[in-house]
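# Descriptive structure summary
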Amino acid sequence: MTDRRLLLVHAHPDDESIVTGATMAKYAAEGAEVTLVTCTRGEEGEIIPAELAHLGSDRDDTLGEYRVGELDKACLASGVRDHRFLGGPGRYRDSGMMGAATNDGSGCFWQADVEEAAHMLATVIREVRPQVVVTYDDNGGYGHPDHIQAHRVTVRAFEKAAERALPGTPWQTRKLYAIAQPQSVLEESAERLRRSPGPFSAPQGPGDISPGTPDGLVTARIDASAHWAAKALAMRAHATQISVEGELFALSNGIAQEIRGVEYFTQIAGAAARRGPEGFETDLFA
């Protein structure tokens, strides 16, 4: 068994590829054990291609089932061999965007009991014993209820797993990170995209891409540029949700974004970060 284990917690299929795809591919290629936990099947996702519109024409979860298949292909592209749905496929339903009527559904992830969900995730953490866990920040990156809930559940599971570690077993899980998109990086990207948005709409500013993370809060910069192609291939697998054209992509809003091979994180719990000369960790396992 490799001595490096990474566990990522994401809300829906496609999230893992968009914001952590290069990091997952890098560590998987280097021989680390990468475990992906997805909290919902993404049943409320907005379908982009007209030829797949029929998947969202009813409420029998056809889209959710289809997106499971997309996720399988994305994991294959990223080299992720251990993927699980929190509580099993369909245990929690996609809650939709904040303020939607689907936020109130009894089975949606936004309405999940945090302690119950955290217990299930802590069980996975104790089994896998990752040194590093990755999820979203407390705003879920951009305010999606399932992303916010994933943050809450993961933080609590991180605590619970440590409390319930097996006696006599060295506790391995040392650090918890939130995905970050530095504001300066978004500003530079938005400027490039205003000049060359490809077939998509140009962002008017960095806020059209993401609210962003204040640069001073970002603690880790993972250069996985060598695995950019694997990330792009994984993103292409999520064809219902992502349009990929060359080095750019867009979600259902049609706004251009860059596929980046460098990804950023903020440590939110665990052992102190070892930052390098440029102010970042360059290895989550450092």
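Residues numbered from 1 in each chain as written. Predicted model: local features only at pLDDT ≥ 70, side-chain atom pairs only at ≥ 80, totals over all residues. Heavy atoms only, no water.

### Focus: the pairing of strand β2 (residues 33-38)
The element β2 is extensively covered by neighbouring structure, given that five of its six residues are classed as buried. Note: strand β1 (residues 5-10) against β2, six bridges, orientation parallel. Bridge pairing in β2 links Arg 5 to Glu 33. On the question of chirality, the crossover connecting β1 to the parallel β2 by way of helix α1 (residues 15-29) is right-handed. (Buried < 20%, exposed > 50% of the residue type's maximum accessible area, 1.4 Å probe, protein only. Helix = DSSP H or I, 4+ residues; strand = E, 2+ residues; numbered from the N terminus. Pairing = 2+ DSSP bridges. Right-handed = clockwise from strand over helix to strand, strands pointing away.)

### Structural notes on the packing of aromatic side chains
In the structure shown here, the tally under the stated rule is four aromatic pairs. The interplanar angle of 65° and the centroid separation of 6.0 Å between the aromatic rings of Tyr 264 and Phe 280 together place this pair among those described as edge-to-face. Placement of Tyr 264 in strand β10 (residues 262-270) and of Phe 280 in the segment after β10 is noted, with a sequence separation of 16 residues between them. In this structure, Lys 26 is placed above the aromatic ring of Tyr 27, and the distance from its NZ or CZ to the ring centre is 5.5 Å. (Phe/Tyr/Trp six-rings, centres within 6.5 Å; stacked < 30°, edge-to-face > 60°. Lys NZ or Arg CZ within 6 Å of the ring centre and 35° of its normal.)

### A word on the nonpolar core
Membership of the largest hydrophobic core comes to 46 residues, with the highest contact counts inside it found for Leu 86, Val 134 and Leu 284. If one sorts the elements of this core by residue count, helix α3 (residues 114-128) sits on top with seven residues. Once you skip the residues sitting within four places of it in the chain, Leu 284 turns out to touch Leu 6, Thr 23, Tyr 27, Val 132, Val 134, Lys 175, Tyr 177, Ala 220, Ile 222 and Phe 265. Grouped together as the second largest cluster of nonpolar side chains are eight residues, Ala 190, Phe 200, Leu 248 and Ala 250 included. (Core = buried A, V, L, I, M, F, W, Y, C linked by side-chain atoms within 4.5 Å. Contact = heavy atoms within 4.5 Å.)

### Quick word on the side chain of His 151
Relative to the elements of secondary structure, His 151 occurs in helix α4 (residues 145-163). In contact with His 151, not counting residues within four places along its chain, are Thr 135, Tyr 136, Asp 137, Asp 138 and Ile 268.

### Points about the packing of helix α2 (residues 62-78) against helix α6 (residues 228-237)
Two numbers describe how α2 lies on α6: the axes approach to 8 Å, and their chain directions differ by 170°. Between α2 and α6, the angle falls in the class roughly antiparallel. Contacts between α2 and α6 involve Glu 70, Lys 73, Ala 74, Ala 77 and Ser 78 from the first element and Ala 230, Leu 233, Ala 234 and Ala 237 from the second. (Axes fitted to C-alpha atoms, helices over the stretch in contact; angles between N-to-C directions. Parallel < 35°, antiparallel > 145°, perpendicular 65-115°, else oblique.)

### Quick notes on the sheet that holds β2
Read across the sheet, seven strands follow the order β3-β2-β1-β4-β5-β10-β6 without closing on themselves; strand pairing throughout is mixed. Edge positions in the sheet fall to β3 (82-85) and β6 (220-223), since each has one partner strand and no second. Pairs of neighbouring strands in the sheet enclose a mean axial angle of 25°, with direction left out of account. Of the pairings in the sheet, the one linking strand β4 (residues 132-135) to strand β5 (residues 175-180) comprises four bridges and is parallel in character. By the bridge assignment for β5, Val 134 is matched with Tyr 177. Sitting on the sheet, α2 is in contact with β2 and β3, with an inclination near 155° to β3.

### Comments concerning the UniProt feature "binding site: Zn(2+)" (unreviewed entry) in the chain
Residues annotated by UniProt as "binding site: Zn(2+)" (unreviewed entry) correspond here to His 12, Asp 15 and His 147. Annotated residues spanning 136 residues; largest pairwise C-alpha distance 9.5 Å, indicating a single compact cluster. With respect to the helices, strands and loops of the structure, His 12 is situated in the loop between β1 and α1. For His 147, the location among the structural elements is in helix α4. Residue classification places His 147 among the buried residues on the basis of a relative accessible area of 4%. Aside from chain neighbours lying at most four places away, what touches His 147 is Ala 11, His 12, Asp 15, Tyr 136, Gly 140 and Tyr 142. (UniProt positions renumbered as here; feature names shortened; annotations may be inferred.)

### A short note on the pattern of salt bridges
All told, the structure shown has 20 salt bridges when counted by the stated rule. Close ionic contact of Lys 175 with Glu 281 constitutes a salt bridge, the shortest N to O distance being 2.9 Å. Of this pair, Lys 175 sits in strand β5 while Glu 281 sits in the segment after β10, placing them 106 residues apart in sequence. Because the salt bridges share partners, they merge into one network encompassing Arg 41, Glu 43, Glu 44, Asp 61 and Arg 93. (Salt bridge = Lys/Arg side-chain N within 4 Å of Asp/Glu carboxyl O.)

### Side note on the sheet that holds strand β7 (residues 243-245)
One open sheet accounts for three strands, arranged β7-β8-β9; its pairing is antiparallel. Each edge of the sheet is formed by a strand with only one pairing partner; in this case those strands are β7 and β9 (257-258). Strand direction decides the pairing type here: β7 and strand β8 (residues 248-250), joined by three bridges, are antiparallel. Residue pairing in the sheet places Glu 245 in a bridge with Leu 248 of β8.

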